[in-house]
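# Notes for the structure review
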Amino acid sequence: MEHLIIPDTYRPELDLHDTQIAIKTVKDFFQNLLAERLNLQRVSAPLFVDPASGLNDNLNGVERPVTFGIKEQGEKEAEIVHSLAKWKRYALKKYGFSMGEGLYTDMNAIRRDEITDNIHSIFVDQWDWEKVISREDRNLDYLKDTVRNVYKVLRKTEKYMAIRYDYIEEILPPDIFFITTRELEEKYPECSPKERELLISKEKGAVCIMQIGDKLASGEPHDGRAPDYDDWELNADIVVYYPVLDIALELSSMGVRVDKTALSEQLEKAGCPERAQLPFQKSILKEELPFTIGGGIGQSRICMFFLRKAHIGEVQSSLWKEEIIKETKRHGIPLL
């Protein structure tokens, strides 16, 4: 219960029926505009992968994937994906996407070790997207331009929902503020990473936090990031201030993907050089895959933010501890 926030004055503006309609409204508008602005085509994606392929997202390296045996294949083990961060790059080549073209898909995952609260669930649903770029596009300016395009889609979605629903007011600022994790540490040296995110998001309204994964002056990284998809010098999170809960809310994580140099360096830093022997990682080291940029955008997070909900369980169906269900119900917060 220590992770549950109950806002004093919160009352849901929409009942369960109307919330379902509003969820579809948000998702339809956002994904169509995102696909148009980033030149993305919708594709089908796997729910599970072969562990030996190296395609699953290792997240922070300690989370356990959900596994099961396939009877028809002699109980061969498969893993439910944590995300499709690596698979998308492989798919761009397999499906024959050209320079400047990209894909997006619905990614559904189970994260069994997640600590749940108002914005975290063991069920993860997001739009995973990936786009082919040139070697020359692997730079900070290209990353920032992409972040600005995604942010414009967020702002237009908020404006659209504010027109559709009278209770929704526009709170996103006109522009997103850029800052690196090193600059953020220098600005708030006595604070934890999460405290820094809250302070900067509350000050700016919307912030792009860049260069996540490598160690800072403190000797610790700002946040964990797998070493074999994002280039730690060219990645970013979009974080906004969410007044309903008085928190910093991450809506999207993205980055320019590793080339062979960045992959080798980051595997060494993360203490897992043996991953270089996995099929996906080998294909990067041999430069068999295209250069790409990509990311994930939380579907339930987006819906929660734009509908001004107090708990992610109001916009997605999941499993919660019994005391959470009782406490939210007691305060008039209906979980799906």
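Anyway, here's the lowdown on the structure attached to this text. Values in this document were obtained by computation on a predicted structure and should not be read as measured data. (Residues numbered from 1 in each chain as written. Predicted model: local features only at pLDDT ≥ 70, side-chain atom pairs only at ≥ 80, totals over all residues. Heavy atoms only, no water.)

### Section: the pattern of salt bridges
The tally for this structure, following the rule as stated, stands at 25 salt bridges. With a closest N to O distance of 2.8 Å, Asp113 and Arg64 form a salt bridge. Remark: Arg64 occurs in the loop between strand S2 (48-49) and strand S3 (67-70) and Asp113 occurs in the loop between strand S5 (102-110) and strand S6 (123-132); sequence separation between them is 49 residues. Classification of Asp113 as partly exposed rests on a relative accessible area of 30%. On the basis of relative accessibility, which here comes to 44%, the residue Arg64 falls in the partly exposed class. Salt bridges sharing common partners tie together Lys88, Asp128, Glu130, Arg225, Asp230, Asp237 and Arg257. (Salt bridge = Lys/Arg side-chain N within 4 Å of Asp/Glu carboxyl O. Helix = DSSP H or I, 4+ residues; strand = E, 2+ residues; numbered from the N terminus. Buried < 20%, exposed > 50% of the residue type's maximum accessible area, 1.4 Å probe, protein only.)

### Side note on the sheet that holds S2
Strand order in the open sheet made by the three strands is S2-S4-S3, with antiparallel pairing throughout. Looking at the sheet topology across the chains shown, the edges are occupied by S2 and S3. With four bridges joining them, S3 and strand S4 (residues 76-80) adopt antiparallel strand pairing. Paired with Phe68 across the two strands is Ala78, which belongs to S4. (Pairing = 2+ DSSP bridges.)

### Thoughts on helix H9 (residues 322-330)
Residues that lie three or four places apart on an α-helix share one face, since the helix turns once every 3.6 residues. Restricting attention to buried positions, one finds in H9 the residues Ile324, Glu327 and Thr328. With its buried residues spanning 95° around the axis, H9 presents them on a single face. Facing away from the buried side of H9 by more than 90 degrees, the exposed set consists of Lys326, Lys329 and Arg330. Count one or two residues on from H9 and you reach Gly332, which has phi positive near 75°. (Arc of directions from axis to C-beta.)

### Quick word on the packing of aromatic side chains
For the coordinates displayed, the defined rule picks out seven aromatic pairs. For the pair Tyr242 and Phe305, a centre-to-centre distance of 5.6 Å together with 45° between the ring planes defines the contact as tilted. Taken together, the positions of Tyr242 in strand S9 (residues 230-242) and Phe305 in helix H8 (residues 299-307) put the pair 63 residues apart, joining distant regions of the chain. Across this residue pair, the class does not change: Tyr242 and Phe305 are buried. (Phe/Tyr/Trp six-rings, centres within 6.5 Å; stacked < 30°, edge-to-face > 60°.)

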